[in-house]
Amino acid sequence: MTETGSALERFCRWGWRWKTHPNPCSRDIGLFLLRITCGGTMAIQHGFGKLTSYSERAATWADPIGVGSELSLALAILAKFFCSIFVVFGFGTRGAAVLPAVTMFVAFFVVHSDDPFRDKELAFLYLACFTTLAMTGAGRYSIDGWLNARRTQDRETN
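One numbering rule holds for all chains: residues counted from 1, following each sequence as written. Note on the predicted model: pLDDT of at least 70 is required for a residue's local features to be given, and 80 or more for side-chain atom pairs to be given and counted; whole-chain, interface and lining totals, by contrast, use all residues. Each side-chain value is derived from all of the structure's non-hydrogen atoms; neither hydrogens nor water enter the calculation.

A. Local environment of the side chain of threonine 93. In DSSP terms, a helix is any run of H or I states spanning at least four residues, a strand is any run of E spanning at least two, and both are numbered starting from the N terminus. Position of threonine 93 relative to the elements: it lies in helix α5 (residues 93-111). The residues touching threonine 93, leaving out its near neighbours within four places in the chain, are Arg35, Val87, Leu133, Gly137, Ala138 and Asp144. By definition, residues are in contact when any of their heavy atoms lie within 4.5 Å.

Rendered as structure tokens:
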């Protein structure tokens, strides 16, 4: 019985450590998955269509920030397509994630302010994802992580 009790105790201690002390590798994998899913979905589903149909949409696009409909659409394309691609690859992630986060903030609080939550829920989720990435960075499995590792290695050799 003591073996079973000690095995159970070891399992409980392991489970508690797993819950309270996450592995840094799992954090980086989580950030990788967040970048790929949010950035990829934003670029493909919401940015690419705007990019390819700019001339048809430019005259009728909403102007929520008062800079003109053409510039508003260009800024939306910059944020939703180009910055999202940067986020997917993890290149300049903190800076690149700011523009989609601001765009989703405007979409949620300005453009869709009178809509019910179910109609603006996706903007809220993207806002949360891109704000998280702007605050945390890309993680180890990214171009930023690779560049950071090279900088650290160069400092150690000098």
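B. Spotlight on the side chain of lysine 50. Structurally, the position occupied by lysine 50 is in helix α2 (residues 24-52). Burial classes follow relative accessibility: with a 1.4 Å probe on protein chains only, a residue under 20% of its type's maximum area counts as buried, one over 50% as exposed, and anything between as partly exposed. The convention is simple: Lys and Arg are positive, Asp and Glu are negative, and His and the chain ends are not counted. What makes a salt bridge here is a side-chain nitrogen of Lys or Arg within 4 Å of a carboxyl oxygen of Asp or Glu, nothing more. One buried charged residue, lysine 50, forms no salt bridge at all, with the nearest opposite charge on glutamate 56 at 12 Å. Among the polar contacts listed, one links the side chain of lysine 50 to the backbone oxygen of histidine 46, at a separation of 2.9 Å. Excluding anything up to four places from it in sequence, lysine 50 contacts Arg57, Trp61, Leu73, Ile77 and Lys80. In protein, a polar contact requires one atom able to donate a hydrogen and another able to accept it; more generally it is a pair of N or O atoms within 3.5 Å, and residues adjacent in sequence count only if both atoms are side-chain atoms.

C. Spatial organisation of the nonpolar core. Only buried residues count toward a nonpolar core, which is a set of Ala, Val, Leu, Ile, Met, Phe, Trp, Tyr and Cys residues joined through side-chain atoms within 4.5 Å. If you look at the biggest cluster of nonpolar residues, it comprises 17 residues, and the most contacted ones within it are Val87, Met104 and Phe130. Mapped by element, the contributors of at least two residues to this core are α2, α4 (69-89), α5 and α6 (117-136). Excluding residues that lie within four positions of it along the chain, phenylalanine 130 makes contacts with Cys38, Gly39, Met42, Ser84, Val87, Ala97, Pro100 and Ala101.

D. Just the packing of α2 against α6, in detail. Convention adopted: a line fitted to C-alpha atoms gives each axis, helices being fitted over their contacting stretch, and angles between N-to-C directions are expressed from 0 to 180 degrees. Two elements in contact, α2 and α6, have axes whose closest approach is 10 Å; the angle formed by their N-to-C orientations is 130 degrees. Judged on the interaxial angle alone, α6 and α2 are oblique. Considering only the axes of α2 and α6, their crossing is left-handed. Mapping the contact onto sequence places Leu31, Leu34, Arg35, Cys38, Gly39, Thr41, Met42 and His46 in α2 and Leu122, Tyr126, Cys129, Phe130, Thr132, Leu133 and Thr136 in α6. Each residue is assigned to one of three groups, with Ala, Val, Leu, Ile, Met, Phe, Trp, Tyr, Cys and Pro labelled nonpolar, Asp, Glu, Lys and Arg labelled charged, and all others, Gly among them, labelled polar. Of the residues that constitute the contact of α2 with α6, the class distribution is nine nonpolar, five polar and one charged. For classification purposes, an angle smaller than 35 degrees is called roughly parallel, one larger than 145 roughly antiparallel, one from 65 to 115 roughly perpendicular, and anything else oblique. Note on convention: near helix rotated counterclockwise from far helix by under a right angle means a left-handed crossing. Clockwise means right-handed.

E. Representation of the packing of aromatic side chains. Pairing of aromatic rings covers Phe, Tyr and the six-membered ring of Trp, with a centre-to-centre limit of 6.5 Å; geometry is then stacked below 30 degrees between planes, edge-to-face above 60, and tilted otherwise. Within the structure shown, the criterion is met by nine aromatic pairs. When the centroid spacing of 5.1 Å and the interplanar angle of 85 degrees are considered together, the rings of phenylalanine 81 and phenylalanine 82 count as edge-to-face. Using a relative accessible area of 15% as the deciding quantity, one classes phenylalanine 81 as buried. Look at phenylalanine 86 and phenylalanine 91: their rings are 5.7 Å apart centre to centre, the planes differ by 85 degrees, and that puts the pair in the edge-to-face class. Relative accessible area serves as the criterion here: at 41%, phenylalanine 86 is assigned to the partly exposed category. Judged by relative accessible area, phenylalanine 91 falls into the partly exposed class, the value being 40%. Among the aromatic residues, ring-to-ring pairing joins Phe105, Phe108, Phe109, Phe117 and Phe124 into one connected group. Above the ring of phenylalanine 108, the side-chain terminus of lysine 120 is found at 4.7 Å from the ring centroid. Either the NZ atom of lysine or the CZ atom of arginine qualifies as a charge over a ring when it sits within 6 Å of the ring centre and within 35 degrees of the ring normal.

F. The arrangement of α6 in detail. A helix's residues, less one, multiplied by 1.5 Å, set its expected span. Between its terminal C-alpha atoms α6 stretches 27 Å, which fits the 28 Å expected from 20 residues at 1.5 Å a residue. Given a residue, its bend is the angle between the two axes fitted to the seven residues that end at it and to the seven that start from it. Along its length, α6 reaches its greatest deviation from straightness, about 25 degrees, at alanine 123. Lining the buried residues of α6 we find α2, α4 and α5. At the C-terminal side of α6, glycine 137 shows a positive phi close to 90 degrees.

G. View of the pattern of salt bridges. If you walk through the whole model with that rule in mind, you get two salt bridges. In this structure, arginine 27 engages aspartate 28 in a salt bridge whose closest nitrogen and oxygen atoms are separated by 3.4 Å. Between arginine 140 and aspartate 28 there is a salt bridge whose closest N-O contact spans 3.0 Å. In this pair, arginine 140 sits in the loop between α6 and α7 (143-157) while aspartate 28 sits in helix α2, placing the two residues 112 residues apart along the sequence.

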